[in-house]
Every structure is written in structure tokens, then in C-alpha cells.
Amino acid sequence: INACDSMGYTALMRAAARGHSAVVKQLLARPEINLNAHSNKGYTALICAAARGHKETIEQLLDHPKIDLNARDAYGYTALMRATANGAIPVVEQLLAHPKTNLNLRSYKGYTALICAATKGHEVIVEQLLTHPEINLNARDIYGYTALMHSIYNGQKSVVELLLSHPKIDVN
């Protein structure tokens with residue numbers, strides 16, 4: 001049940017990536033399931049499902065007591081970062097509602113979930129993140145760029161406006 005293919009994916013990862021919630025449910029019922037196994041690129045079942053926006057699958061995974069909500073892939077991205085970068089609004093809502101989600105974790109290049117969303121212009125997700133009391137909206141990546149700088153560089157006008165309207169934004 002935990003065997004891997006040549007890319008390091010388990011059956012659970014493949015089912016989660018495709019949103020096959022009935023299969024995910026069956027696999028999660030098995031006590032020997034390795035829920036937090038990593039593929040060759042570091043993807044977990046949760047990261048696979050989050051990156052593709054599979055809400056029902058995410059719900060099933062989050063209900064499992066052994067889920068590692070803040071697991072990172074080979075690039076340092078978490079499920080939340082993958083969901084924000086891909087504009088998966090319902091999944092971002094689910095992950096932010098979970099008490100163990102750390103929304104300020106950084107990838108190996110220093111990207112946070114906010115930087116991921118701001119870079120891609122995902123306005124609704126940026127709004128969701130800005131309402132969270134623990135958000136660090138002035139976090140800098142390894143190059144010194146903030147979410148505001150990324151949104152400016154990528155021409156994300158509505159995201160720039162959102163960030164500039166936040167009382168804790170540091171424009172310097």
C-alpha cells in the first residue's frame with residue numbers, strides 16, 4: 001500500500017493528485033498507510049491535492065490525526081503555498097481554517113504563501129491572507145523582495161492596491 005513508483009509517488013499521492021476522494025478514503029482507512037510519505041520531489045498527498053485544488057480530498061486528509069500540515073516539498077513549499085500559487089481559493093480557506101497551519105513558513109527562496117499569491121495576482125487569496133491575524137505581510141524573500149514588490153514587478157494592480165491599503169504595510 002505504501003509502495004512507490006519510479007517518481008516516488010505512492011498510491012495515496014496519485015489518488016490525491018487526481019482528486020479521487022473515494023480511493024483516498026479507502027487508503028486512509030488502512031492503519032499502515034504512510035500519510036506523509038514524500039515523492040522524489042518532496043510532494044506529499046496533501047501537497048498534491050492542494051496544488052490541484054481538490055477540496056474534498058483536502059478535507060479527508062485534514063481530518064486524519066497524523067497529517068503533517070506544514071510538510072515541505074523539495075523546494076520548501078507547503079500545501080498552503082502550492083494552493084495560493086495556483087489560485088485554489090476553497091483549498092486555501094480550508095488550510096487557513098486549520099489551527100496547525102503555519103502561514104508564514106518560507107520556501108527555500110524565502111517565498112511565503114502571501115508572496116506566492118501576490119506574485120500571481122490572486123486577489124481573493126491575498127485578501128484571505130491579509131485578514132489572518134498572524135500574517136507577516138512584510139516578509140522578504142532571499143533577494144529582499146516583499147509581497148508588495150513582487151506584485152508591483154508582475155503588474156498585479158489590484159493586489160498592489162490591497163497591500164498598500166493594509167495598515168501594517170511597510171513601503172520602505
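Please read all numbers here as calculations on a predicted model, not as lab measurements. (Residues numbered from 1 in each chain as written. Predicted model: local features only at pLDDT ≥ 70, side-chain atom pairs only at ≥ 80, totals over all residues. Heavy atoms only, no water.)

Enquirer: Teacher, can you tell me more about the overall build of the chain here?
Expert: Looking only at helices and strands, the chain features 10 helices and 0 strands. Listing every helix and strand of the chain by position from the N terminus yields α-α-α-α-α-α-α-α-α-α. Taken over C-alpha atoms, the radius of gyration comes to 16 Å for the chain, in line with the 16 Å a tight globule of 172 residues would show. C-alpha extents for the chain along the principal axes are approximately 50 × 25 × 25 Å. Sorting the 172 residues of the chain into buried and exposed places 50% on the buried side. The contacts of the chain with a sequence gap of at least 6 include a subset with a gap of at least 24, amounting to 68%. Split by element, the accessible area of the chain, about 8600 Å² in all, is 52% carbon and sulfur. (Helix = DSSP H or I, 4+ residues; strand = E, 2+ residues; numbered from the N terminus. Rg over C-alpha atoms; globule rule 2.2 N^0.38 Å. Buried < 20%, exposed > 50% of the residue type's maximum accessible area, 1.4 Å probe, protein only. Contact = heavy atoms within 4.5 Å. Areas by Shrake-Rupley, 256 points an atom, 1.4 Å probe, with all protein chains shown as cover.)

Enquirer: Honestly, a nonpolar patch on the surface in this entry has me stumped. Any pointers?
Expert: On the surface, a nonpolar cluster with roughly 430 Å² of combined accessible area is contributed by Ile142, Tyr143, Tyr145 and Met149. Given the relative accessible area of 54%, isoleucine 142 is considered exposed. (Patch = residues over 30% accessible without salt bridge, like charges linked within 9 Å, V, L, I, M, F, W, Y side chains within 5 Å. Salt bridge = Lys/Arg side-chain N within 4 Å of Asp/Glu carboxyl O.)

Enquirer: What is the right way to read the nonpolar core from this model?
Expert: Where a protein is soluble and globular, its nonpolar side chains tend to be buried together. Grouped together as the largest cluster of nonpolar side chains are 57 residues, with contacts concentrated most on Leu61, Leu95, Leu114, Val126, Leu129 and Leu163. Residues within four places of leucine 61 in sequence aside, it is in contact with Ala16, Val24, Leu28, Leu35, Ala45, Leu46, Ala49 and Ile67. (Core = buried A, V, L, I, M, F, W, Y, C linked by side-chain atoms within 4.5 Å.)

Enquirer: Any chance you could explain the state of the cysteines here in plain terms?
Expert: When the sulfur atoms of two cysteines share a covalent bond, that bond is a disulfide. The full count for this structure, using the stated rule, is 0 disulfides. For cysteine 48, which is in no disulfide, the shortest distance to another cysteine sulfur is to cysteine 4 and amounts to 12 Å. Free of any disulfide, cysteine 116 has its nearest neighbouring cysteine sulfur in cysteine 48, separated by 17 Å. When its relative accessible area of 7% is taken as the criterion, cysteine 116 is described as buried. (Disulfide = S-S within 2.5 Å.)

Enquirer: Explain helix α7 (residues 113–120) here, please?
Expert: Side chains of residues three or four places apart in an α-helix project in the same direction, reflecting 3.6 residues per turn. Of all 8 residues that make up α7, 6 are buried, and the element is covered over most of its length. Contacts from the buried residues of α7 go to α5 (79–85), α8 (123–130), α9 (147–153) and α10 (157–165).

Enquirer: What is the right way to look at the packing of helix α6 (residues 89–97) against α8 in this model?
Expert: The description of two helices packed together rests on the angle between their axes and the distance between the axes. Relative to each other, α6 and α8 sit at 10 degrees, their axes nearing to 10 Å. Taken as axis vectors, α6 and α8 run roughly parallel relative to one another. Between α6 and α8, the residues in contact are Ile89, Val92, Glu93 and Leu96 and Val124, Ile125, Gln128 and Leu129, respectively. In terms of residue class, the contact of α6 with α8 is made up of 6 nonpolar, 1 polar and 1 charged. (Axes fitted to C-alpha atoms, helices over the stretch in contact; angles between N-to-C directions. Parallel < 35°, antiparallel > 145°, perpendicular 65-115°, else oblique. Nonpolar A, V, L, I, M, F, W, Y, C, P; charged D, E, K, R; others polar.)

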